[in-house]
Amino acid sequence: MPRAVVTGGAGFIGSHLCRALRARDWEVVAVDDFSSGRRANVDDLLDVPGFELVEHDVVHGIPIAGSVDAVLHLASPASPPLYLARPLATLDVGSIGTQHALELARKHDGARFLLASTSEVYGDPLVHPQPESYWGNVNPVGPRAVYDEAKRFAEATTTAYRGVYGMDTKIARIFNTYGPGLQPDDGRVISNFLAQALDGRPLTVYGDGTQTRSFCYVEDEVDGLVRLLESTHVGPMNIGNPGEYTVLELAETVLDVTGSRSPIEFRPLPHDDPRQRCPDISLASRVLGWRPRIDLREGLARTSEWYRRGVDPT
Ligand SMILES: NC(=O)c1ccc[n+]([C@@H]2O[C@H](COP(=O)([O-])OP(=O)(O)OC[C@H]3O[C@@H](n4cnc5c(N)ncnc54)[C@H](O)[C@@H]3O)[C@@H](O)[C@H]2O)c1
């Protein structure tokens, strides 16, 4: 059985990815320092043969013995409040952590490497929707730079390792992803709105709500990542849902799906908030035969059901 190491494996996307890889007969080692991930995310996997959880900060190396056939590097704070609270740790895991993850793959002949990059590499894009060929519009000294530039550095490092060592690397550019496992206090727009709607608190919209976002259900996202891992394509490849909604439309849909009577409240727009975000997924459709299948209403209904059942706060 091939063996995969998933850094950030106890996080939101990482835990779904570990489950998907196990289901495809990969042995899986999740490495996580629990800075934003939770043991509860992988509770159901702990007794599954072929799954192992290692508590470790990948900035200090990745001490995994035995064979490794793939390294999937997801470790990184992902939501703005989390990376803004830990700016240096975010830069470290995107730079030093990525090098350790690449080194782990390099030491194991023929091991594949997949980098979980982000749509944030496009910054506040001037091209819409964003194809992989677009280089982005990032402010290197803005507050979001610690995340955006760390991921851009991670892409450059991955590309350099491929060139220098001939490694089999892949870069996935993940767009906004949501679903069960996304913690209500994570600080992303869908978790904020769902938690507010279900608690009967006002939904907070930043700016006038006309900025657009696209939202990919986690099952679709993970399907795209696994297909990319198992393909011969190098990337970068956008994996996201091209359905585009204004933040105000999202708020209204959340109210509708949850049946909440919460009001909508407007707050000042944060610095460097992108106006538009929408993936061009023609490459993923052509090369992987992939497209998202779960629409926003269905995904929100499934996620709100998970929130209603009560989320383990540990
Ligand atoms: N969720 C999204 O919408 C989205 C969008 C674009 C990119 N991504 C990328 O996908 C990956 C996973 O994001 P997520 O939404 O699951 O976030 P998450 O915070 O739930 O998961 C990240 C995981 O990495 C772990 N981690 C962080 N630093 C670490 C370190 N130094 N050593 C070991 N583990 C560490 C955290 O504890 C957490 O479990 C991230 O790399 C993120 O940048 C996510």
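Preceding block: the structure.
Notes on the structure follow. Computed from a prediction, not measured in an experiment: that's the story for all the values here. (Residues numbered from 1 in each chain as written. Predicted model: local features only at pLDDT ≥ 70, side-chain atom pairs only at ≥ 80, totals over all residues. Heavy atoms only, no water.)

## Remarks on the pairing of strand β6 (residues 168–174)
Operational definition: Exposed residues in this analysis have more than 50% of their type's maximum accessible area, buried residues have under 20%, and partly exposed residues fall in between, with area computed by a 1.4 Å probe over protein chains only. Working definition: helices are DSSP H or I runs of at least four residues, strands are E runs of at least two. Numbering for both runs from the N terminus. When DSSP finds two or more bridges between two strands, those strands count as paired. A crossover gets the label right-handed when its path from the first strand over the helix to the second runs clockwise, viewed with the strands pointing away from the viewer.
Counting buried residues in β6 gives 6 out of 7 residues, a clear majority hidden from the surface. Across 7 bridges, the pairing between strand β5 (residues 112–118) and β6 is parallel. By the bridge assignment for β6, Leu115 is matched with Ile171. Crossover handedness for the path β5 to helix α4 (residues 145–165) to β6: right-handed. In the sheet, β6 pairs with strand β11 (residues 237–239) via 3 bridges, with the strands oriented parallel. Within the sheet, the bridge partner assigned to Arg173 lies in β11 and is Asn238.

## Section: the site of the ligand
This is how it is decided: Residues are labelled near a given molecule or strand when at least one of their non-hydrogen atoms is within 4 Å of it. Any pair of nitrogen or oxygen atoms within 3.5 Å is treated as a polar contact; in protein, a donor-acceptor pairing is required on top of that, and neighbouring residues in sequence qualify only through side-chain atoms on both sides. A 1.4 Å probe and the Shrake-Rupley method give the accessible areas. Residues count as covered only by the protein chains that appear here. Following the grouping adopted for this structure description, the nonpolar residues are Ala, Val, Leu, Ile, Met, Phe, Trp, Tyr, Cys and Pro, the charged ones are Asp, Glu, Lys and Arg, and the polar ones are all others, Gly among them.
Around the ligand sit 30 residues, and of these Asp32, Ser36, Leu74, Tyr147 and Arg188 come closest. Val58 places a main-chain nitrogen or oxygen 2.9 Å from a nitrogen atom of the ligand. A distance of 2.5 Å separates an oxygen atom of the ligand from a polar atom in the side chain of Tyr147. Here the ligand has 810 Å² of accessible area as a free molecule, and 97% of this is covered by the chains. Those elements that provide at least two residues to the shell around the ligand are α1 (12–23), β5 and α4. It is β5 that contributes the most residues to the shell around the ligand, 3 residues altogether. For the shell around the ligand, the per-class residue count stands at 14 nonpolar, 11 polar and 5 charged.

## Quick notes on the pattern of salt bridges
Going by this rule: One speaks of a salt bridge when a side-chain nitrogen belonging to Lys or Arg is within 4 Å of a carboxyl oxygen belonging to Asp or Glu.
All told, the structure shown has 19 salt bridges when counted by the stated rule. A salt bridge links Arg38 to Asp185, with the shortest nitrogen-to-oxygen separation between them at 3.6 Å. Here Asp185 lies in the loop between β7 (177–178) and α5 (189–199) and Arg38 lies in the loop between β2 (27–32) and β3 (51–55), a separation of 147 residues in the sequence. Under the relative-accessibility criterion, Asp185 is labelled exposed at 58%. With a shortest N-O distance of 3.5 Å, Glu120 and Arg277 are connected by a salt bridge.

## Digging into the sheet that holds β6
Using the following cut-off: Comment: axis = line fitted to C-alpha atoms, over the contacting stretch for helices; angle = value between 0 and 180 degrees taken between N-to-C directions. Should any heavy atoms of two residues lie within 4.5 Å, those residues are counted as being in contact.
If you trace the 7 strands from one edge of the open sheet to the other, you get β3-β2-β1-β4-β5-β6-β11, paired in parallel fashion. Each end of this open sheet is capped by a strand with a single partner; those strands are β3 and β11. Each strand of the sheet is rotated relative to its neighbour by a mean of 20°, with strand direction disregarded. Pairing geometry for strand β1 (residues 3–7) and β2, over 5 bridges, is parallel. Across the sheet, residue Val6 finds its bridge partner in β2, namely Ala30. Its contacts with the sheet put helix α3 (residues 87–107) on β1, β4 (70–73), β5 and β6, and the angle it makes with β4 is roughly 170°. Running over the sheet, α4 touches β5 and β6 and is turned about 155° from β5.

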